[in-house]
Amino acid sequence: MTYVFDPAPQAAVPVAGSDARFPVRRIYCVGRNYEAHAREMGHDPNREPPFFFAKPADALLYVAPGQTAEFPYPAQSQNVHFEMELVAAIGKGGKNIPVERALDHVFGYALGLDMTRRDLQAEAKKLGRPWDTAKGFDHSAPIGPIHSVAQVGQMASGAIWLSVNGEEKQRSDISQMIWPVADTIAFLSTLFELKAGDLIYTGTPEGVGAVNTGDLMKGGVDGIGEFAVRVV
Ligand code: MN
């Protein structure tokens, strides 16, 4: 059996301190997972269970340590926002995973940016349309190397931050998540059977904002370093 054309290459993210790469199956994202960000977007964080959207696996943009990756400013938007996030990488699948066992399914963690066409998202919200064009565009998911739990342990607390051109825009602590990683995995696994290779962007803290061509974003999470992405 042959394919009618060559299949696209497998999306993958390098694993820190290793020659191996983590093959990516799906990218799930959590919406409004920090109280102050939910409020800045005009929502009451206490009233809603977690909700999810997805990006295609080939929307990943790898950001190598010590280098500056280039994020192409997407067409059809005049308001592109950064959302600095912790990414959990699933190493073992399952469905209806109990919260007490959920962290056993995590292979590792990475820095991520959930880049967003905020104008298209606002229009989609207003019209009751899907978010795909706002969230799932090409290069919309910058990601750093995956740090294995074996190397860095579980990530329950630690500063998360982002600056633009040296000016701090976001600063919080991952302990401020409304739905911590274990809860997110447990809930998500009731909606989808998770499989090894899935990534979960776990939501952004307050301070999101727009970037323009030429801007330099630097972001980090304590314990897994920092990365740099320039808008081009
Ligand atoms: Mn997000």
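Look up: the structure comes first, before these words.
Quantities reported herein were computed from a predicted structural model and do not represent experimental measurements.

Participant: Looking at this structure, how should I read unusual backbone geometry?
Facilitator: What is expected of a backbone is that most residues other than glycine have negative phi and most peptide bonds are trans. One non-glycine residue, Gln76, adopts positive backbone phi at about 65°. With respect to the secondary-structure elements, Gln76 resides in the loop between strand E6 (68-71) and strand E7 (80-82). Judged by its relative accessible area of 67%, Gln76 is exposed. In this structure, Asn96 takes a positive phi of about 50° despite not being glycine. Locating Asn96 in the fold gives a position in the loop between strand E8 (84-90) and strand E9 (106-113). The class of Asn96 is exposed, set by a relative accessible area of 55%.

Participant: Even after reading the chapter, I still don't get the pairing of E9, so can you show me in this structure?
Facilitator: Burial within E9 is extensive, with 7 of its 8 residues counted as buried. The pairing of E8 with E9 spans 7 bridges and is classified as antiparallel. By the bridge assignment for E9, Val87 is matched with Ala110. Where E9 meets strand E12 (residues 147-148), 2 bridges bridge the pair, whose relative direction is antiparallel. Among the inter-strand pairings, Gly108 is bridged to a residue of E12, identified as Ser148.

The rules we used
Residues numbered from 1 in each chain as written. Predicted model: local features only at pLDDT ≥ 70, side-chain atom pairs only at ≥ 80, totals over all residues. Heavy atoms only, no water. Helix = DSSP H or I, 4+ residues; strand = E, 2+ residues; numbered from the N terminus. Buried < 20%, exposed > 50% of the residue type's maximum accessible area, 1.4 Å probe, protein only. Pairing = 2+ DSSP bridges.

Function cannot be inferred from these measures alone, as they are strictly geometric.
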